[in-house]
Amino acid sequence: MTKTATTVWNECLSFIKDNIKSQAYKTWFEPIKPIKISGDSLTIQVPSKFFYEWLEEHYIKLLRVALVRELGDDAKLIYDVRMENVYSSNTPHTVKIPSSNRNPINSQGITVPLDINKRELKNPFVIPGIQKVKIESQLNPNYNFDSFIEGDSNRLARSASMAVANKPGGTSFNPLLIYGGVGLGKTHLAHAIGVEIKDKYPDKTVLYISSERFTQQFIESVKSNTRNDFIHFYQMIDVLIIDDVQFLSGKTGTQDVFFHIFNHLHQNGKQVIITSDKAPVDMQDIEQRLLSRFKWGLSAELQVPDYETRISILQNKLYRDGVDMPDEIVDYIGKNIKSNVRELEGVLVSMIAQASFNRKEFTLALTKQIVDKFVKNTKREVSIDQIQKVVSSYFDLDVATLQSKTRKRHIVQARQLAMFFAKRMTKASLASIGSQIGKRDHATVLHACKTVNNLTETDKQFRKYVEDLTKKLTY
Ligand code: ADP
Ligand code: MG
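Residues numbered from 1 in each chain as written. Chains lettered and ligands numbered in written order. Predicted model: local features only at pLDDT ≥ 70, side-chain atom pairs only at ≥ 80, totals over all residues. Heavy atoms only, no water.

Following the criterion strictly, the structure yields 13 salt bridges and no others. The salt bridge partner of Glu150 is Arg158, with a shortest N-O separation of 3.3 Å. Here Lys200 and Glu196 are joined by a salt bridge, their closest N and O atoms 2.8 Å apart. Placement of both Lys200 and Glu196 in helix H6 (residues 186-200) is noted, with a separation of four residues, approximately one turn of the helix. Residue class for Glu196 comes out partly exposed when judged on its relative accessible area of 25%. Each of Glu150, Asp152, Arg155 and Arg158 takes part in one network of salt bridges that share partners. (Salt bridge = Lys/Arg side-chain N within 4 Å of Asp/Glu carboxyl O. Helix = DSSP H or I, 4+ residues; strand = E, 2+ residues; numbered from the N terminus. Buried < 20%, exposed > 50% of the residue type's maximum accessible area, 1.4 Å probe, protein only.)

We now examine the site of ligand 1. In the region of ligand 1, 17 residues are neighbours, and Gly183, Lys186, Thr187, His188 and Glu345 sit closest. A distance of 2.8 Å separates a nitrogen atom of ligand 1 from a polar atom in the backbone of Ile149. Within the side chain of Asn154, one N or O atom sits 3.5 Å away from a nitrogen atom of ligand 1. Contact with the protein chains covers 92% of the free accessible surface of ligand 1, which is 560 Å². Of the residues contributing to the shell around ligand 1, the split by class is seven nonpolar, seven polar and three charged. (Near = heavy atom within 4 Å. Polar contact = N/O pair within 3.5 Å; in protein donor to acceptor, adjacent residues only side chain to side chain. Areas by Shrake-Rupley, 256 points an atom, 1.4 Å probe, with all protein chains shown as cover. Nonpolar A, V, L, I, M, F, W, Y, C, P; charged D, E, K, R; others polar.)

This brings us to the sheet that holds strand E8 (residues 271-276). The strand order E6-E7-E8-E5-E9 describes an open sheet built from five strands, whose pairing is parallel. Every interior strand has two partners, whereas the edge strands, strand E6 (206-210) and strand E9 (298-302), have only one. Looking at each pair of strands side by side, their axes are set apart by 15° on average, direction ignored. For strand E5 (residues 176-180) and E8, the ladder comprises four bridges, and the chain directions are parallel. Paired with Leu177 across the bridge in E8 is Ile274. (Pairing = 2+ DSSP bridges. Axes fitted to C-alpha atoms, helices over the stretch in contact; angles between N-to-C directions.)

Moving on, we get to the pairing of strand E2 (residues 41-46). The side chains of a regular strand alternate, residue by residue, between the two faces of the sheet. Most of E2 sits out of view: six of its six residues are buried. Judged by which residues are buried, E2 turns out to be covered on both faces: Ser41, Thr43 and Gln45 on one side and Leu42, Ile44 and Val46 on the other are all buried. Looking at chain direction, strand E1 (residues 33-38) and E2 are connected through five bridges and run antiparallel. Counterpart to Lys36 in the pairing with E2 is Thr43.

A few words on the confidence of the model for the chain. When pLDDT is averaged along the chain, the result is 84; 86% of the residues meet or exceed 70. This stretch, residues 84-92, has a pLDDT under 50; its non-local contacts, to residues over four places away or in other chains, come to 14 contacts. (pLDDT = per-residue confidence, 0-100. Contact = heavy atoms within 4.5 Å.)

Our next topic: the nonpolar core. Ranked by internal contacts, the top residues of the largest apolar core, which has 31 residues, are Trp9, Ile16, Phe29, Leu55 and Tyr79. Mapped onto this core, the elements with two or more residues apiece are helix H1 (5-19), helix H2 (22-28), E2, helix H3 (49-58), helix H4 (60-71) and strand E3 (76-83). Tallying contributions element by element places H1 first for this core, with seven residues. Ranked by size, the runner-up nonpolar core spans 30 residues in total, among them Val390, Phe420, Ile433 and Ile437. (Core = buried A, V, L, I, M, F, W, Y, C linked by side-chain atoms within 4.5 Å.)

Within the secondary structure layout, Leu302 lies in strand E9. Between the C-alpha atoms of Leu302 and Ala157, which are 145 residues apart in sequence, the distance is 6.5 Å. In this structure, Leu302 is in contact with Phe148, Ser153, Asn154, Ala157, Ile178, Tyr179, Gly180, Gly181, Leu184, Gly185, Lys186 and Leu189, ignoring residues within four places of it in sequence.

Further remarks concern the layout of surface pockets. Roughly 640 Å³ of volume is contained in the second largest pocket. Taken together, 25 residues form the lining of the second largest pocket, with Ala24, Trp54, Tyr59, Tyr201 and Lys204 sitting closest to its centre. Listed by contribution, the elements that provide at least two residues to the lining of the second largest pocket are H2 and H3. The greatest single-element share of the lining of the second largest pocket, amounting to five residues, is contributed by H2. (1 Å grid on protein atoms, 1.4 Å probe; cavity = no way out; pocket = protein on both sides within 12 Å on 5 of 7 lines; lining within 4 Å. Points joined across faces, edges and corners; volume = space filled by probe spheres on them.)

To continue, consider the packing of aromatic side chains. Tallied over the entire structure, the rule returns 15 aromatic pairs. Between Tyr25 and Phe29 the ring centres are 6.2 Å apart and the planes differ by 20°, which places this aromatic pair in the stacked class. Both residues of the pair, Tyr25 and Phe29, count as buried. Ring centres of Phe218 and Phe230 lie 5.6 Å apart, and the angle between their planes is 50°; on these two criteria the pair is classed as tilted. In this pair, Phe218 is assigned in helix H7 (residues 211-223) and Phe230 in helix H8 (residues 227-235), connecting sequence segments twelve residues apart. Connected via pairs of aromatic rings, a cluster forms that spans Phe214, Phe218, Phe230, Phe233, Tyr234, Phe258, Phe262 and Trp296. Over the ring of Tyr201 we find Lys204; its NZ or CZ atom is 5.5 Å from the centre of that ring. The ring of Phe259 has Arg289 sitting right over it, with the charged end atom 4.0 Å from the ring centre. (Phe/Tyr/Trp six-rings, centres within 6.5 Å; stacked < 30°, edge-to-face > 60°. Lys NZ or Arg CZ within 6 Å of the ring centre and 35° of its normal.)

Next comes the structure, spelled out in structure tokens:
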């Protein structure tokens, strides 16, 4: 029976399949194509340099045993590596690399026998431009799964994160996108994934980076003409965590380079984790092709925690800090700080500090003071759109009517109230408020603000409108 590359490789595969986990087999062996057999050397095609590196690093012994079974002691293995060029649109070409060579690469491809007598086969050559360096993960060990309290608001995101941490690159959650408002735990959860992976798979290269730093590094690399090194560096990562990807809005150059890095990692079964303050559909100024990549995996939302979860988070934090606090006080904080876990923690930290500096007990009075300060300082900025919606619905109008040119008294009043609140609650200029609320000029807005102030003082009914609307807009 004549041996063909396919028959030899299939035999190898069935041996390999029995010896490794099926996920690893799928990832690393199924994509390989047998190309050619000549004498006792088999050529296989692999999809990328990284693929080749990975095989050499993790499966060389297994490959060797498999090949020797089929081709005898002098078995040789040659890789045909598809080199994709990320810097230009050059069509991919292939490069031959002999397995575990001792000599530097030579473009012809040199064949060197697999040294089966050597116990440890080291990979002695470095592909130009790529160096395996130890990469600091930039992870915060305190941000782990144990310290991340589960609740209805985060259940999906948390369990998807754990699935990814158990099998980086091996789930359909790739990329995993965690999104949600400020202070809801995106960064914490992203770190937790990295921390867990480092623990379970110490050999994996994990990197946490904020999108801002990523952008800075990229800009630096362009300035110093080391863009290729930048790209190579990121392409070596096994688990890449990019925080606050909304910062890439409008930065086309950085988005472009991220797109290439992302594709490379994804194609090679590497895990990508992204966080953002918005769902993909709401992201602005992010290129469509990048958005569509984000949608490949799973988008999991972190919602505002409910009361029970807020209380557990507080109790857990107190427990960790070894602080005792009366239930009544914990309850007060949990009831009043609603929309942001960071603020919950902030209140606790202030309380502990106050109480210990001034040798004070935790009292409800102190708590109220501190909570008040937090609530005031973090009054969120509402948008003019939101104000128009709230005011319109309060008066049972639609926004178009509110903005229309009509002089009907109750509509004029509603419009003036919208302008008044826009002035009071946003940083927008009079002119910009006017242009957004029915294309009026700045003088009209100024007049509206004066009118509302006057009427609030003289008209009881009107004052009620202002109070009601203030409540609706601040909570
Ligand atoms: P984001 O990145 O979404 O703005 P962070 O991850 O920085 O939010 O979280 C803010 C703070 O709240 C952090 O100190 C984090 O540890 C804490 N936190 C958020 N969610 C939880 C949770 N479910 N359990 C415990 N702590 C949490
Ligand atoms: Mg964050």
